[in-house]
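Descriptive analysis of the structure
Each chain, written out:
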Amino acid sequence: MTQSPLLKVRDLTTSFFTSRGEVQAVRGVDFDIHAGEVLGIVGESGSGKSITCMSVLRLLKNNGRTIKGTAHFEGRDLLELSELEMRRLRGNDVAMIFQDPMTSLNPTLTVGEQIIETIIAHKNISRSAARERVVELFELVKIPEAASRLGAYPHEFSGGMRQRVMIAMALSCDPKLLIADEPTTALDVTIQRQILLLLKEIQSRLGMAIILITHDLGVIAEVTDRILVMYGGTAMETANVHHLFDKPMHPYTQGLLASVPNVNNIDGEKLKPIPGSPPDMLRPPKGCPFMPRCDKAMEICVTTGAPEFEIDDAQSHKSRCWLHHPDAPQQKGDAA
Amino acid sequence: MTAKTLVQVKDLKKHFKVSSGFLGRDPKYLKAVDGVDLEIKQGETLGLVGESGCGKSTLARTIIRLYQPTSGDINFDGTNISDADEKALKPFRQRMQMIFQDPYASLNGRMTVRDLIAEPLEIAGIGDRNAQTERVDELLEIVGLNKDHANRFAHEFSGGQRQRIGIARAIALNPELVICDEPISALDVSIQAQIVNMLQELQQTLGLTYLFITHDLSMVRHISDRIGVMYLGKIVELADNDALYDSPKHPYTRALLSSIPIADPQERDRQIEEMQGEIPSPIDMPSGCRFRTRCPLATDKCAAEEPDLKEVAKGHFAACHFVEP
């Protein structure tokens, strides 16, 4: 890829300072996303996937602080912008949708009012033009009887429709990047399908880039171009989606894929869980965060986290595991 | 399968009154469970799936008499318990237990793990203090925890470990039927498999029968022998798990199964039966077939007549006018 990335994040490090100590939520994450690309960030709770994006948008709660790193969006480091510049950028160039739309909408205003407000705040257009734009957006996200639903309050919508309202709001200023944090997790599977198809359709029509944060490997496999696997605040592996599911290289990714049943391929075999539980980020392991649960762990993994090894340049496949070191002992049955 | 029938449910209904109407006229009911026939065989895992609000949890809780049914019969091991009072139910309570979804909310934070697991033994009046201590130690080992954990509090444990404590409580009295109500939904992906494997091992060693409620359609296929699909208070399809997934008969089941996101990008371009619209309110249900408002096949007949759940292949039941045997 010769084009420079839309968002380029390097060595992003974020901690929360709590009464119990420093929680190292994000520990030196690097990733790129290009214009028009759909990047999936997958990880379990506490892996740092949401905090990574909140850090980039500078939406951390009071006790959270990004300690170091850079996040260049179209060449400008977001972590260096003034609060005013940042506010202009959020909602304009970068928009975000969340898991639970009810908590992100104002329950005391009609949905039309809220989106009209957003548009007027960001774009220099009249109220009636903004109103027309909202009707257009509601049609785009397939809210039935769009014009008459403008006057409804958030609680009058179902969960799926509310998420459509959030998507309409996020799209209102033509963002170049949409960050969707578990957008379908609270929805039923048939509604999830509708929302995922909608996101895909809108993405191909408007051509924006999307970062989709989820714990659901199925959702990731359905809609993304490239995947970043996070664990213990660290980016463990990244690759083109097809390549990652075909040839996962990191022991954590391999374990994660092996622990979910495939609905089409039931052989009555037992699931292969990953033993143990995720690390406590108050006291993260010194070396590789996955080391305590890894059946391939070596001496070095205890003391030193692995650097990023290039696996396959054409598939932009990189993995952070000492096993990929040229001098590492060969693993038996590594073809998995 | 010739296994004996442990639970038999006939035309079971559970309606909740949601408003009395003006001067008590025209009261409104939420028909959470609205005429369910079901058998659970000894030693099997019966999966129960459906979207939120379809009544699957209410059905399970009514079967074990946490709710008083509005009408219908529940037979547990040959005894009709649908109208039994608390006293008559007591011997049955030990034989039916439940594992809950949220291991954070379902354990009392002021009790030690030992007290939590001993509580069912105490309530049932089983054994003296020493015998209970021994039993708790044994249970801890069964669920993969150890004695050192006994004197700690629930909040000191991870979600997966808490669910193990919940399971230890549920099996403490050697139950026959265990209702698993979304037992893994709140857990991380890598932990879910640990708990599912443990539930399967316990079923083998203790001869448990599971009614397994979930919205995870991949996991339910993995764990169940038979699966029932619920929609708005009724079972619309019931079959052996492979039969259900390989040849689903009801249009709702077909749409539901094809909505499952598949963790394999090769499958992306498969044919998908997308379902329009959303689930109607269980207070104001459509006439005739309840699925007709979202069904691609619906005709006038579906609005007029409610289809029965009929056997369309051996052991395979579906409630749709368009499914022929």
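Residues numbered from 1 in each chain as written. Chains lettered and ligands numbered in written order. Predicted model: local features only at pLDDT ≥ 70, side-chain atom pairs only at ≥ 80, totals over all residues.

**So, the overall build of chain B**
Check the secondary structure of chain B and you find 10 helices and 12 strands. Taking 2.2 N^0.38 as the reference for a compact globule, 325 residues should give roughly 20 Å; the C-alpha atoms of chain B span a radius of gyration of 21 Å, in line with that estimate. With the principal axes as the frame, chain B shows a C-alpha extent of 65 × 60 × 45 Å. A buried classification covers 44% of the 325 residues belonging to chain B. Restricting to contacts in chain B with at least 6 residues of sequence separation, those with at least 24 account for 64%. (Helix = DSSP H or I, 4+ residues; strand = E, 2+ residues; numbered from the N terminus. Rg over C-alpha atoms; globule rule 2.2 N^0.38 Å. Buried ≥ 20, exposed ≤ 12 C-beta atoms within 10 Å, placed from the backbone. Contact = placed C-beta atoms within 7 Å.)

**Some thoughts on the interface of chain A and chain B**
Counting from both sides, the interface comprises 38 residues of chain A and, opposite them, 32 residues of chain B. When contributions to the side of chain A that touches chain B are tallied by element, the ones reaching two or more residues are helix H8 (189-206), helix H9 (217-223), helix H10 (241-246) and helix H11 (251-258) of chain A. Top element by residues in the side of chain A that touches chain B is H8 of chain A. It accounts for seven residues. Split into classes, the residues belonging to the side of chain A that touches chain B amount to 17 nonpolar, 14 polar and seven charged. (Nonpolar A, V, L, I, M, F, W, Y, C, P; charged D, E, K, R; others polar.)

**Describing the nonpolar core**
General note: in soluble globular proteins, nonpolar side chains tend to be found buried as a group. Ile211 of chain A together with Leu211 of chain B are the most contacted members of the largest nonpolar core, which totals 181 residues. Here the element with the most residues in this core is helix H7 (residues 159-171) of chain A; it accounts for eight residues. Once you skip the residues sitting within four places of it in the chain, Leu211 of chain B turns out to touch Ile40, Leu46, Leu48, Ala60, Leu177 and Ile179 of chain B. (Core = buried A, V, L, I, M, F, W, Y, C linked by C-beta atoms within 7 Å.)

**Side note on the pairing of strand E11 (residues 310-313) of chain B**
Where E11 of chain B meets strand E12 (residues 316-318) of chain B, three bridges bridge the pair, whose relative direction is antiparallel. Across the sheet, the residue bridging to Ala313 of chain B is His316 of chain B, located in E12 of chain B. (Pairing = 2+ DSSP bridges.)

**A short note on the sheet that holds strand E2 (residues 28-41) of chain B**
Residue and element names in this part refer to chain B. Pairing is antiparallel across the open sheet formed by four strands, whose spatial order is E2-E1-E4-E5. Strands with a single pairing partner mark the edges of an open sheet, and in this sheet they are E2 and strand E5 (79-80). In this structure, strand E4 (residues 71-76) lies alongside E5, joined through two bridges in antiparallel fashion. Bridging across to E5, Phe76 finds its partner in Thr79.

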